[in-house]
Amino acid sequence: MNLPDNEEIADPLERIALLLSEQDADRYRVRAYRQAADTVRRYPDSIARIAAREGVEGLIRLPAIGRSIGGAIQELVATGRIGLLERLEGQVSPEDLFCTVSGIGEDLAHNIHDKLGIESLEELELAAHDGRLETVPGFGPRRVAGVRDALAGILSRSSRRRARQRRWDEHHRRPAQRERPGVAALLDADAEYGRRAAAGELRRIAPRRFNPDREAWLPVLHTRRGDWEMNLMYSNTARAHELGMTNDWVVIYYERDGEEDQCTVVTETRGPLAGRRVVRGREQECRDHYRQQPDAGRG
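What counts as what
Residues numbered from 1 in each chain as written. Predicted model: local features only at pLDDT ≥ 70, side-chain atom pairs only at ≥ 80, totals over all residues. Heavy atoms only, no water. Helix = DSSP H or I, 4+ residues; strand = E, 2+ residues; numbered from the N terminus. Buried < 20%, exposed > 50% of the residue type's maximum accessible area, 1.4 Å probe, protein only. Contact = heavy atoms within 4.5 Å. Expected span 1.5 Å × (residues − 1). Bend = angle between axes of the 7 residues up to and from the residue. Polar contact = N/O pair within 3.5 Å; in protein donor to acceptor, adjacent residues only side chain to side chain. Phe/Tyr/Trp six-rings, centres within 6.5 Å; stacked < 30°, edge-to-face > 60°.

Q: Tell me about the side chain of Glu192, and name the residues and values.
A: Mapping Glu192 onto the fold places it in helix 11 (residues 183–198). Residue Glu192 is classed as buried on the basis of its relative accessible area, which comes to 13%. If near-sequence neighbours (up to four positions away) are discounted, Glu192 is found in contact with Leu221, Thr223 and Arg225.

See the structure below:
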């Protein structure tokens, strides 16, 4: 199996730090990813071999690499991807995404999207090779060459990523009853998100899907409950738009020790929980929770 080199591991960690910073995440978390990227880049031996041989336990013995970041590195080595990075990239506008490429600032990113109408790094790479990027104001041959080089590092090994992902899916199935946050913690985070979103206190981003006017309408909250890191935002799915629930359904991405998953919190419309906030798929736990706190969770 072809393992990524240290630079190919450090780059996505730095990209995570940049995207977290742009979405107003906790500064200590941003700094942790930046420090981990620096450790990986400077380390004299292969980080990927440590991950393959010793797993997360071997990685966390290195400076500035905690269990969560170690889990992200192990995921990258095993599958060629980091789920957190993919989510963060999907949550920002195309202009924000282009700004994560070395040599592209805010004005150039705006020019790219305005003139070429492209929305992904894959499309940007194609434009950098077929001559279209040189037609964008601010881009000459040298800058385009730099963008091509930067994108080659970001987007390389795509076929190997897919192959690793298939192997991971086949041989590393997660247990059906994996550990997850309690409904009390999820509902408490959901309540904070709803309250702060309504008050206009949260950073709003322009999602790439179902947003033709590129409006920055989607509030994002990065928070913590116990040792669970949580990222919350309204659902931006086709179904949520179809039913007019984009200001009700809240998706919570949670992560701890490199393990991550997600759930959706909604206002129940029928039955004994009608009018209350409910974690989909965990209705019985929510009923038990509200029996203990009868005045909580009204949507």
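Read on for the rest.
Q: Give a description of helix 3 (residues 47–59) that names residues and reports values.
A: Here helix 3 spans only 8 Å end to end across 13 residues, well under the 18 Å set by a 1.5 Å rise per residue. At Arg53, helix 3 shows its maximal bend, which comes to roughly 105 degrees. Where helix 3 is concerned, the buried positions are Ile47, Ala48, Ile50, Ala51, Gly55, Val56, Gly58 and Leu59. Two or three places before Ala48, at the start of helix 3, stands the capping residue Ser46, its side-chain oxygen 3.4 Å from that residue's backbone nitrogen.

Q: Report on the packing of aromatic side chains, specifying residues and quantitative values.
A: Any two aromatic rings considered together are summarised by their centre-to-centre distance and by the angle between their planes. By the definition in use, this model includes 2 aromatic pairs. Ring centres 5.0 Å apart and planes at 70 degrees place the aromatic pair Tyr193 and Tyr234 in the edge-to-face group. With Tyr193 in helix 11 and Tyr234 in strand 3 (residues 228–234), this pair connects stretches of sequence that are 41 residues apart. A residue is classified by how much of its surface remains accessible, and Tyr193, at 0% relative accessible area, is buried.

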